[in-house]
Amino acid sequence: MDILFLNLEQMHAAIKAEMKEAFEEVYDSYWYVMGKQLHKFEDAYSQFNQVNYTIGVSNGLDALHLALRSLGISNGDEVIVPSNTYIATALAVSYVGATPVFVEPNALTYNIDPANIQAAITPKTKAIMPVHLYGQACEMTSLMSIAKENNLFVIEDNAQAHGAAYANKLTGSWGHINGTSFYPGKNLGALGDGGAVTTNDSKLADEIRILRNYGSQIKYHNKVVGYNMRLDELQSAFLNVKLKYVNEWTAQRQQIASWYNEVLEEVEDLALPFVSLDATHVYHLYVVKAQRREALQKYLQDNNISTMIHYPIPPHLQEAYSYLGYAKGDFPIAEELANTCLSLPLWPGMTQENVIKVGSQIKKFYSK
């Protein structure tokens, strides 16, 4: 494949010496769980995300699960989630026994539309879980106002938007408590699974620390029925190295997106990413809406360009959620996006020449 969808080689080659040093420091410490590397990363990420507290956990799904549980959300409750998202957002709601209530996205930004939320609120609604999808910040001012008016919690799913902002306030710092992921392909990725919870509430932070560690604050004293959902020392050490480069990598992502915009702006059969007023986009993914999406994807594949679809089946049509009784047509915007969205290659180190090649092949496809 000439142009991979995701290529970590250049990113990792540039920091290989630092990563080896981090590995050796952990290896020689003889302390591999809940140690100084974790605390160092939690402090550094709090500073980066402009929050009071970061609690490292095992992955992004667990971060959302723990966030919901810390708020007391459980059986019989409802949580509003986007109809256009990765299924992990809904799974976290299911894990605590609550019901995910899907709300359609804005057709331009693909993020949850605040205008559709009020109609979905019932006496059982306890929280709104916005997802900063593909790297673009949701309309958080409106979302927070709706939540305040209805006495609801806000839990941000910030897995795809490290460093993005709305109204100059960073994603992951708006909600009462928030979850993020450090899966290897994320803008800030570990070399395995990892995640974190962020909050400005000290009581919630303490609750998460207890829940992630078997329900224990003092060793062998278990306050509640908790979990083993800790971020280990090795991944913390790797993340400490990579965190220093996130802003630089974000700038590269934004430059690559700008090149795509220039190359593809005249292709009438594509809808390019739209960035809403007051929002920033860190381009975890560069997603276009493409007519004849499957044919275009195959054409690019045949010409050695790899792409992906995020996401081919919306959560309400997944077999796992068939018990909720949704059918095709219930969320037409999410379904249209599932049928037309295509994610183009984008990764730090990608060159303008690479982008021009991708754009040239897309133009050739539509010219035929």
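Residues numbered from 1 in each chain as written. Predicted model: local features only at pLDDT ≥ 70, side-chain atom pairs only at ≥ 80, totals over all residues. Heavy atoms only, no water.

Quick reminder of the rule: UniProt positions are given in the numbering used here, feature names are shortened, and annotations may be inferred rather than shown by experiment.
Looking at an unreviewed UniProt entry, one finds the protein named DegT/DnrJ/EryC1/StrS family aminotransferase, with Pontibacter rugosus as its source organism. Its UniProt record gives the protein the following Sequence similarities (unreviewed entry) comment, quoted word for word: "Belongs to the DegT/DnrJ/EryC1 family."

**A look at the overall build of the protein**
Stated precisely, the cut-off is as follows: Counting from the N terminus, the helices are the DSSP runs of H or I reaching at least four residues and the strands are the DSSP runs of E reaching at least two. When we talk radius of gyration, it's over C-alpha atoms, and the globule rule is simply 2.2 Å times the number of residues to the 0.38. Three labels apply to residues, based on accessible area from a 1.4 Å probe with only protein chains included: buried if under 20% of the type maximum, exposed if over 50%, partly exposed otherwise in between. This count recognises Lys and Arg as positive and Asp and Glu as negative, with His and chain-terminal groups excluded. Where a charge sits is defined by one atom per residue type, namely NZ (Lys), CZ (Arg), CG (Asp) or CD (Glu).
Scanning the protein for helices and strands turns up twelve helices and 14 strands. Against the 2.2 N^0.38 benchmark of 21 Å for 368 residues, the protein shows a C-alpha radius of gyration of 21 Å, consistent with a compact globule. For the C-alpha atoms alone, the extent of the protein along its principal axes is close to 70 × 55 × 35 Å. In the protein, which comprises 368 residues, the proportion classed as buried is 57%. Of the charged side chains in the protein, 28 are positive and 38 negative, and the gap between their average positions amounts to 4 Å.

**Details of empty space enclosed by the protein**
Short version of the rule: Of the two site types, the cavity is a set of points on a 1 Å grid over the protein atoms alone where a 1.4 Å probe fits but cannot get out, and the pocket is an open set with protein on both sides within 12 Å along at least five of seven lines, each lined by residues with an atom within 4 Å of a point. Grid points are joined across faces, edges and corners, and a volume is the space filled by probe spheres set on the points. Basically, the charged four are Asp, Glu, Lys and Arg, the nonpolar ten are Ala, Val, Leu, Ile, Met, Phe, Trp, Tyr, Cys and Pro, and anything else, Gly included, counts as polar.
In this structure the tally under the stated criterion is three cavities of 30 Å³ or more. Size it by volume and the largest cavity reaches roughly 60 Å³. Lining the largest cavity we find Leu108, Thr109, Tyr110, Tyr134, Gln136, Pro273, Phe274, His281, Leu285 and Val287. Its residues assigned to classes, the lining of the largest cavity comprises seven nonpolar, three polar and no charged.

**Re the nonpolar core**
Where we set the bar: Think of a nonpolar core as a cluster: buried Ala, Val, Leu, Ile, Met, Phe, Trp, Tyr and Cys residues, connected wherever their side-chain atoms sit within 4.5 Å. Two residues qualify as a contact provided that any one of their heavy atoms is within 4.5 Å of a heavy atom in the partner residue.
Leu68, Ile73, Val79, Val93, Met129, Ile155 and Ile177 are the most contacted members of the largest nonpolar core, which has 33 residues in total. Sorting the residues of this core by element identifies β1 (53-57), α4 (60-70), β2 (78-82), α5 (88-95) and α7 (202-212) as the ones contributing at least two each. In terms of residue count, the dominant contributor to this core is α4 (six residues). If sequence neighbours within four positions are ignored, Ile73 has contacts with Leu68, Val79, Val96, Ala98, Lys126, Ala127 and Ile155. Ile3, Tyr286, Val288 and Ile309 belong to the second largest nonpolar core, which has 28 residues in total.

**A word on the sheet that holds strand β12 (residues 270-271)**
Here is the rule: Strands are treated as partners if at least two bridges between them are detected by DSSP.
Here three strands make up an open sheet; going across it, the order is β12-β13-β14 and the pairing antiparallel. The sheet is open, and its two borders are formed by β12 and β14 (341-344), each paired with just one other strand. Here four bridges tie strand β13 (residues 286-290) to β14, and the two strands are oriented antiparallel to one another. Counterpart to Val288 in the pairing with β14 is Leu342.

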